[in-house]
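Each chain, written out:
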Amino acid sequence: PRVPHAPLAHAPASAAPMPALTTPINAGSGVAAPGRGERKRSLRFRWVVCLVAMVVVSQVPGSQAVFKVEEANLKVNIPASIKGSYDMAIANFGTPLYGATLAGSLVYPPTDHDACYPFPASWSAPKFPGLGASILLIDRGNCPFTRKAYNAQVAGADAVVIVDDKAEPLVTMDAGDDEETSQYVNNISVPVGLITQATGRAIETVLRTGSKVIVMLNWTDVLPHPDERVEWEFWTNSGDECGSKCDSQKAFIRDFSAVATSLEQGGYTQFTPHYVTWLCPPEYIADPACVSQCINNGRYCCPDPDDNLNAGYSGRDVVIENLRTLCVFQQANNTAVPWKWWEYVVAFGDRCTMASGTYGQEECATAIISSLGLDIEGWRACVGNPDANDINPLLESEQKAQVSDGNRGDVTLLPTVVINQRQYRGKLERSSILSTICAGFKIGQAPEICNDQGFINNKCAKDAEGYNACAADLHKDGLTGCASQNEWPYYQCVCPLGTNKVNKAVDMHKDQAAFTCEEVNECLRVTTSMPSCSCARCVCKDLPAGEFACDEEPADKCAVDAAAGVANPGGCWTEGSFSACFDNIGAKKEAGLQGLDPSSVPQSTCQCPTGFSGDGLHCEDVDECVSQCKGDNKVCTNTVGSFSCGCGDGFASLADTASPDGMKCFEAVNVDGGRSGSSSVVVVTISVLSSCMVLAGGSFLVYRWRLRSYMDQEIRAIMSQYMPLEEDGDGPTGIGGGADEDGDSGVKDAHNPV
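Residues numbered from 1 in each chain as written. Predicted model: local features only at pLDDT ≥ 70, side-chain atom pairs only at ≥ 80, totals over all residues. Heavy atoms only, no water.

### Some details on a negative patch on the surface
Okay, so step 1: Taken together, the side chains of Glu575, Glu620, Asp621 and Asp623 make up a negatively charged region of the molecular surface.
Okay, so step 2: Among the secondary structure elements, Glu620 is positioned in strand β27 (residues 619-621).
Okay, so step 3: Its relative accessible area of 61% is what places Glu620 among the exposed residues. (Patch = residues over 30% accessible without salt bridge, like charges linked within 9 Å, V, L, I, M, F, W, Y side chains within 5 Å. Areas by Shrake-Rupley, 256 points an atom, 1.4 Å probe, with all protein chains shown as cover. Salt bridge = Lys/Arg side-chain N within 4 Å of Asp/Glu carboxyl O. Lys, Arg positive; Asp, Glu negative; His and termini not counted. Charge placed at Lys NZ, Arg CZ, Asp CG, Glu CD. Helix = DSSP H or I, 4+ residues; strand = E, 2+ residues; numbered from the N terminus. Buried < 20%, exposed > 50% of the residue type's maximum accessible area, 1.4 Å probe, protein only.)

This is the structure:
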């Protein structure tokens with residue numbers, strides 16, 4: 001079998017050696033790198049994703065793996081010299097207009113043809129009366145795709161078409177997962193596509209002459225319309241420590257939950273969640289990399305979420321949690337309530353996070369499952385034993401589902417949405433996904449929700465109806481924030497971001513609000529729920545309007561300087577093993593939790609350590625004996641940075657909580673009556689031990705006598721129910737005669753008085 005080309009043709013030079021794969025690699029690439037200039041982390045991520053697909057696909061007999069490039073159509077109407085239809089690959093970011101068309105004129109910028117830098121404020125994408133939208137044509141190369149698209153959008157482009165810079169088949173443009181790229185992705189709201197080098201050169205040749213090129217971008221035939229129900233899938237991951245991609249998935253799940261539930265309950269859609277796993281090659285099953293990242297003897301694996309096989313959560317933890325979530329869907333689907341999967345994953349994302357340490361704990365998952373009324377034992381049976389050398393039917397079917405059925409293409413990117421067997425390309429957000437699902441219905445068969453622009457569009461977006469109405473505070477109640485809801489008018493006014501609604505006592509005779517909106521320090525929440533705010537050296541700064549900023553502080557300067565052999569780490573006093581340099585990461589964290597600015601706390605401070613005095617730049621040893629170890633017969637010895645307190649000759653110490661030093665000294669006496677240290681201590685010790693032994697022995701005899709008495713009384717009480725007992729006992733037992741050698745009771749037989 002052949003396998004798909006990697007999203008990148010080669011692993012980065014810094015990548016760790018991977019198991020050799022003998023399966024040939026298809027030379028036809030289906031995925032483009034995020035763009036020259038993306039960060040190494042993004043490259044490594046896609047290399048791992050490629051290997052995931054390669055290993056899984058290579059194990060499916062007879063499979064022909066193909067990455068599906070989703071295409072729209074670019075039709076040139078004018079001029080006649082280049083008139084025709086051309087394929088255009090849909091980018092994996094931006095907002096494709098599924099089910100719609102966009103007519104306009106292509107514009108080639110006069111300078112900065114690759115759009116790697118913001119266009120001058122004096123230039124904007126021109127819009128000509130009667131010619132429709134302004135579609136900016138830019139060249140690939142020199143910077144990430146997302147930066148190009150964002151700069152073009154800011155310049156006024158209604159759509160962006162990127163021309164490939166090399167002769168190759170169409171590829172899918174993807175986005176990186178670094179912080180800078182995620183900001184671009186979140187703000188790109190126009191459709192973005194890529195055309196081949198040949199198509200682009202033909203168009204650019206005309207544009208350079210000053211002539212217009214009139215086109216129509218067409219997404220109407222991207223999705224098939226097989227029946228009245230749309231079938232869609234969401235390929236995701238349960239881990240929450242993979243940067244912006246995990247954050248966007250979590251946000252989408254929360255925001256789309258109500259929409260998905262409505263569609264499922266109405267019978268308009270059939271939704272299925274999926275999770276990507278890979279298998280470990282048999283020869284590496286015992287390798288630490290497979291042991292820590294796989295379950296069921298290497299059959300199902302996920303990459304380590306923090307790239308550290310020896311600490312933190314492992315890939316194995318992620319696989320198990322993926323399986324548990326799949327089993328939740330199975331239980332919900334089997335009981336005809338598949339939408340409860342959405343309720344589960346939303347609650348799981350809130351309660352069972354890696355940052356809080358509850359991710360991977362079965363009890364965290366079962367508490368949610370129980371609240372949803374699902375069968376926990378059936379769920380456990382579905383999960384099975386991850387340590388067993390057995391096939392898990394559910395994960396086995398997931399691996400097979402990753403491979404193309406000849407129509408959809410292999411799933412190699414995360415996250416991936418598949419609608420009517422076509423992989424969605426574009427921004428992962430509510431309005432885009434819902435619009436695309438609605439485009440999958442036959443004309444006239446879409447549910448009402450598809451015509452409800454209030455449900456599709458965010459009424460709380462800046463300058464939208466709900467945003468403006470709440471900001472005006474018409475009721476003068478301070479509820480100037482806006483929150484989306486699923487019923488008309490699709491928004492409600494709430495306390496602004498960064499505040500909580502708190503009830504208060506009011507005077508019923510006055511026109512007063514019964515609540516107030518009080519400021520909330522967001523750092524108190526995010527430092528326990530968000531990985532980017534809860535790492536060992538992460539600090540948080542609370543900002544107005546519910547915003548916050550988290551940054552990772554540099555390494556401990558004191559430790560770094562000491563390791564580098566700096567004579568005075570942090571510029572502070574140092575002598576031997578003592579240093580006045582103190583790392584302030586704890587103080588910075590505390591400042592954030594107190595609502596203060598962590599940057600106001602220096603990275604390190606000079607403070608004389610305990611046992612020394614001074615300003616931190618100069619420290620001197622403190623003679624503790626001046627004020628410590630005071631009392632009769634006590635002897636104090638000052639040491640560097642500390643002191644010791646003992647007793648003089650002829651005296652022994654005894655613990656005394658009432659004394660400031662926790663001890664007192666008493667005179668020790670030798671056996672011959674003399675005073676001396678060691679022998680007197682021995683005498684005292686022997687005397688104390690002897691007393692303890694005598695006391696313990698006496699206590700044991702008393703205890704034994706009382707136990708025997710108690711037992712005899714119990715025996716008498718039991719036997720009295722069957723025969724009369726004589727009261728002639730005269731010993732500690734209280735029973736006359738005792739027992740004979742055969743163990744018979746010494747009680748006289750009532751029928752034979754002899």
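### A short note on the nonpolar core
Considering soluble globular proteins, one finds that nonpolar side chains tend to be buried as a cluster.
Okay, so step 1: Core analysis: the largest hydrophobic core is formed by 85 residues, its most contacted members being Trp232 and Phe256.
Okay, so step 2: In terms of residue count, helix α7 (residues 315-334) provides more of this core than any other element does, nine residues in total. (Core = buried A, V, L, I, M, F, W, Y, C linked by side-chain atoms within 4.5 Å.)

### Here we look at the sheet that holds strand β3 (residues 84-90)
Okay, so step 1: The sheet built from seven strands closes into a barrel, its strands ordered β2-β3-β8-β6-β5-β4-β9 with mixed pairing. The average undirected angle you get between the axes of adjacent strands in this sheet is 35°.
Okay, so step 2: The sheet contact formed by strand β6 (residues 159-163) and strand β8 (residues 192-195) spans four bridges and is parallel. Within the sheet, the bridge partner assigned to Ile162 lies in β8 and is Leu194.
Okay, so step 3: Contacts from helix α2 (residues 145-154) reach β5 (133-139), β6 and β8, with the element oriented near 140° to β6. (Pairing = 2+ DSSP bridges. Axes fitted to C-alpha atoms, helices over the stretch in contact; angles between N-to-C directions. Contact = heavy atoms within 4.5 Å.)

### Quick word on the packing of aromatic side chains
Okay, so step 1: The full count for this structure, using the stated rule, is 17 aromatic pairs.
Okay, so step 2: Cluster of aromatic residues (ring-pair linked, three or more members): Trp232, Phe234, Phe252, Phe256, Phe271, Phe329, Trp341 and Trp342.
Okay, so step 3: The residue whose ring lies beneath Lys212 is Phe128, and the NZ or CZ to ring-centre distance is 4.4 Å.
Okay, so step 4: The cationic tip of Lys501 hangs over the ring face of Phe515; the distance from NZ or CZ to the ring centre is 4.3 Å. (Phe/Tyr/Trp six-rings, centres within 6.5 Å; stacked < 30°, edge-to-face > 60°. Lys NZ or Arg CZ within 6 Å of the ring centre and 35° of its normal.)

### Quick notes on the packing of helix α9 (residues 362-371) against helix α10 (residues 376-383)
Okay, so step 1: In the contact formed by α9 and α10, the axes pass within 10 Å of each other and the chain directions differ by 135°. Taken together, α9 and α10 sit at an angle that is classed as oblique. Where α9 crosses over α10, the two elements pack in a sense that is right-handed. Residue-level inspection shows Glu362, Ala365, Thr366, Ile369 and Ser370 of α9 in contact with α10, the latter providing Ile376, Trp379 and Arg380.
Okay, so step 2: Along the lines of polarity and charge, the residues of the contact of α9 with α10 split into four nonpolar, two polar and two charged. (Parallel < 35°, antiparallel > 145°, perpendicular 65-115°, else oblique. Left-handed = near helix turned anticlockwise from the far one by under 90°. Nonpolar A, V, L, I, M, F, W, Y, C, P; charged D, E, K, R; others polar.)

### Details of the pattern of salt bridges
Okay, so step 1: For the structure shown, the criterion picks out 17 salt bridges.
Okay, so step 2: Of the charged contacts in the structure, one is a salt bridge between Lys541 and Asp597, with a shortest N-O distance of 3.5 Å. Of the two residues, Lys541 sits in strand β20 (residues 538-542) while Asp597 sits in the loop between α18 (585-593) and β25 (604-606), which places them 56 residues apart along the sequence.
Okay, so step 3: For the salt bridge of Asp661 with Lys634, the shortest nitrogen-to-oxygen distance reads 3.1 Å. In this pair, Asp661 sits in the loop between β30 (651-655) and β31 (663-667) while Lys634 sits in strand β28 (residues 634-639), placing the two residues 27 residues apart along the sequence.
Okay, so step 4: Here Lys634 falls in the buried class, since its relative accessible area comes to 16%.

### Considerations on the confidence of the model for the chain
Okay, so step 1: Of all residues in the chain, 76% have pLDDT values of 70 or greater, and the mean over the chain is 78.
Okay, so step 2: Confidence scores differ between elements of the chain, with helix α1 (residues 40-58) showing the lowest mean pLDDT of 40 and strand β24 (residues 581-583) the highest of 96.
Okay, so step 3: Here residues 36-63 is a poorly scored stretch, pLDDT under 50, and it has 79 contacts once near neighbours within four places are set aside; other chains count. (pLDDT = per-residue confidence, 0-100.)

### Digging into the environment of Glu590
Okay, so step 1: Assignment of secondary structure puts Glu590 in helix α18.
Okay, so step 2: A C-alpha to C-alpha distance of 8.6 Å links Glu590 and Val539, two positions 51 residues apart in sequence.

### Things to note about empty space enclosed by the protein
Okay, so step 1: Taken as a whole and assessed by the stated rule, the structure comprises three cavities of 30 Å³ or more.
Okay, so step 2: In this model, the largest cavity occupies a volume close to 270 Å³.
Okay, so step 3: Residue assignment for the lining of the largest cavity shows that the elements contributing at least two residues are α5 (244-265) and α8 (340-351).
Okay, so step 4: At six residues, α8 tops the list of elements feeding residues into the lining of the largest cavity.
Okay, so step 5: A per-class count over the lining of the largest cavity returns nine nonpolar, seven polar and four charged. (1 Å grid on protein atoms, 1.4 Å probe; cavity = no way out; pocket = protein on both sides within 12 Å on 5 of 7 lines; lining within 4 Å. Points joined across faces, edges and corners; volume = space filled by probe spheres on them.)

### What about the packing of α8 against α9?
Okay, so step 1: At a minimum axis separation of 10 Å, α8 and α9 run at an interaxial angle of 140°. The orientation of α8 with respect to α9, classified from their angle, is oblique. α9 is crossed by α8, and the crossing has right-handed handedness. For the pair formed by α8 and α9, the contact residues are Tyr344, Ala347, Phe348 and Arg351 on the first element and Cys364, Ala365, Ile368 and Ile369 on the second.

### Some remarks on the state of the cysteines
Okay, so step 1: Summed over all chains, the structure comprises 17 disulfides.
Okay, so step 2: Through a disulfide, Cys352 is tied to Cys364; the S-S separation comes to 2.0 Å. When the S-S torsion is -95°, as for the bridge of Cys352 with Cys364, the disulfide is left-handed. Highlighted residues: Cys352 in the loop between α8 and α9 and Cys364 in helix α9, separated in sequence by twelve residues.
Okay, so step 3: What makes Cys352 buried here is its relative accessible area of 1%.
Okay, so step 4: Here Cys495 connects covalently by a disulfide to Cys517, the sulfurs 2.0 Å from one another. An S-S torsion of about -80° defines the bridge between Cys495 and Cys517 as left-handed. Of this pair, Cys495 sits in the loop between β17 (491-494) and β18 (499-503) while Cys517 sits in strand β19 (residues 515-519), and the two are 22 residues apart along the sequence. (Disulfide = S-S within 2.5 Å.)

### Structural notes on unusual backbone geometry
Okay, so step 1: Note that the residue after Ile78, namely Pro79, is joined by a cis bond; omega there is 10°.
Okay, so step 2: Structurally, the position occupied by Pro79 is in the loop between β2 (71-78) and β3.
Okay, so step 3: Despite not being glycine, Asn142 shows a phi value in the positive range, around 75°.
Okay, so step 4: Summarising the element assignment, Asn142 is placed in the loop between β5 and α2.

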